[in-house]
Amino acid sequence: MKIDYLWHSEFLVELKNESWNFTRVLCDAWLSDYAVWDLMWRNPTFTLDYDKIWDIDAIYLSHSHTDHVDPYTLIDLYNNLKTSPSLLIPQTLSFIVPLFEKHLNNPDIIILRNTQEIKFKWIFIQWY
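Structural notes, computed from the coordinates. (Residues numbered from 1 in each chain as written. Predicted model: local features only at pLDDT ≥ 70, side-chain atom pairs only at ≥ 80, totals over all residues. Heavy atoms only, no water.)

This paragraph deals with unusual backbone geometry. Of note, Asn105 is a non-glycine position whose phi angle comes to about 60 degrees, a positive value. Summarising the element assignment, Asn105 is placed in the loop between helix H2 (97–103) and strand S6 (109–112). Unusually for a residue other than glycine, Asn106 sits at a positive phi of about 55 degrees. Take Asn106: it is sitting in the loop between H2 and S6. (Helix = DSSP H or I, 4+ residues; strand = E, 2+ residues; numbered from the N terminus.)

For the rest of this paragraph, the subject is the pairing of S6. Strand direction decides the pairing type here: strand S5 (residues 86–90) and S6, joined by 4 bridges, are parallel. Each bridged residue has a counterpart across the sheet, and for Leu87 the counterpart in S6 is Ile109. In this fold, the crossover linking S5 to S6 by way of H2 has right-handed handedness. (Pairing = 2+ DSSP bridges. Right-handed = clockwise from strand over helix to strand, strands pointing away.)

This part is about the side chain of Ser86. Among the secondary structure elements, Ser86 is positioned in strand S5. Reaching out from Ser86, the side chain makes a polar contact with the side chain of Asp108 at a distance of 2.7 Å. When residues no more than four places from it in sequence are discounted, the contact partners of Ser86 are Asp57, Ala58, Ile59, Tyr78, Asp108, Ile110 and Phe120. (Polar contact = N/O pair within 3.5 Å; in protein donor to acceptor, adjacent residues only side chain to side chain. Contact = heavy atoms within 4.5 Å.)

When helix H1 (residues 71–80) is considered as a whole, its buried residues turn out to be Thr73, Leu74, Leu77 and Tyr78. The buried residues of H1 occupy an angular sector of 120 degrees when the element is viewed end-on, so they sit on one face. In this structure, the buried residues of H1 make contact with strand S3 (22–27), strand S4 (58–60), S5 and H2. (Buried < 20%, exposed > 50% of the residue type's maximum accessible area, 1.4 Å probe, protein only. Arc of directions from axis to C-beta.)

Turning to the nonpolar core, a few remarks are in order. Leu26, Ile59, Leu61, Leu74, Leu87, Ile89 and Phe100 are the most contacted members of the largest nonpolar core, which totals 21 residues. Contributing elements (two or more residues each) for this core: H1, S5 and H2. Here this core takes 3 residues from H1, the largest share from any one element. If we ignore the near neighbours within four places in the chain, the residues touching Leu26 are Leu6, Phe11, Leu12, Leu31, Ile56, Ala58, Ile59, Tyr60 and Leu77. Counting residues in each nonpolar core, the second largest holds 12 residues, with Val13, Val25, Ile110 and Ile123 among its members. (Core = buried A, V, L, I, M, F, W, Y, C linked by side-chain atoms within 4.5 Å.)

It is worth spelling out the sheet that holds strand S1 (residues 2–7) at this point. The sheet built from 6 strands is open, its strands ordered S1-S2-S3-S4-S5-S6 with mixed pairing. Edge strands, defined here as strands with exactly one partner in the open sheet, are S1 and S6. Strand-to-strand twist of the sheet, defined as the mean angle between neighbouring strand axes without regard to direction, takes the value 20 degrees. Both S4 and S5 contribute to a ladder of 3 bridges, which runs parallel. (Axes fitted to C-alpha atoms, helices over the stretch in contact; angles between N-to-C directions.)

The following block contains the structure:
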């Protein structure tokens, strides 16, 4: 496992199995310069480098604070990544699924339900 710290609460986690299969998950998505929607901005500013995050399999959003779910970052990612990552969200965020579908062009959304185990690619995920 490799964990790259990107900023604040954002990490890029790379998991590898014995067959050298990789799964890359971006944990939380606040990589724009906006701190609270359009009201404040990040100082110093942050520039997203797509050469370093070129191939993401999934984006995990932990909760609905704007420093974890940033619409500017999500739209930017879905418009600029080579492939469209799955969106892993806890059941508590399911109320904003229609917004994700509308503004991210119908991404693959996987809702994580309490204690339910799911298989994503070759890894198992369980959310509590």
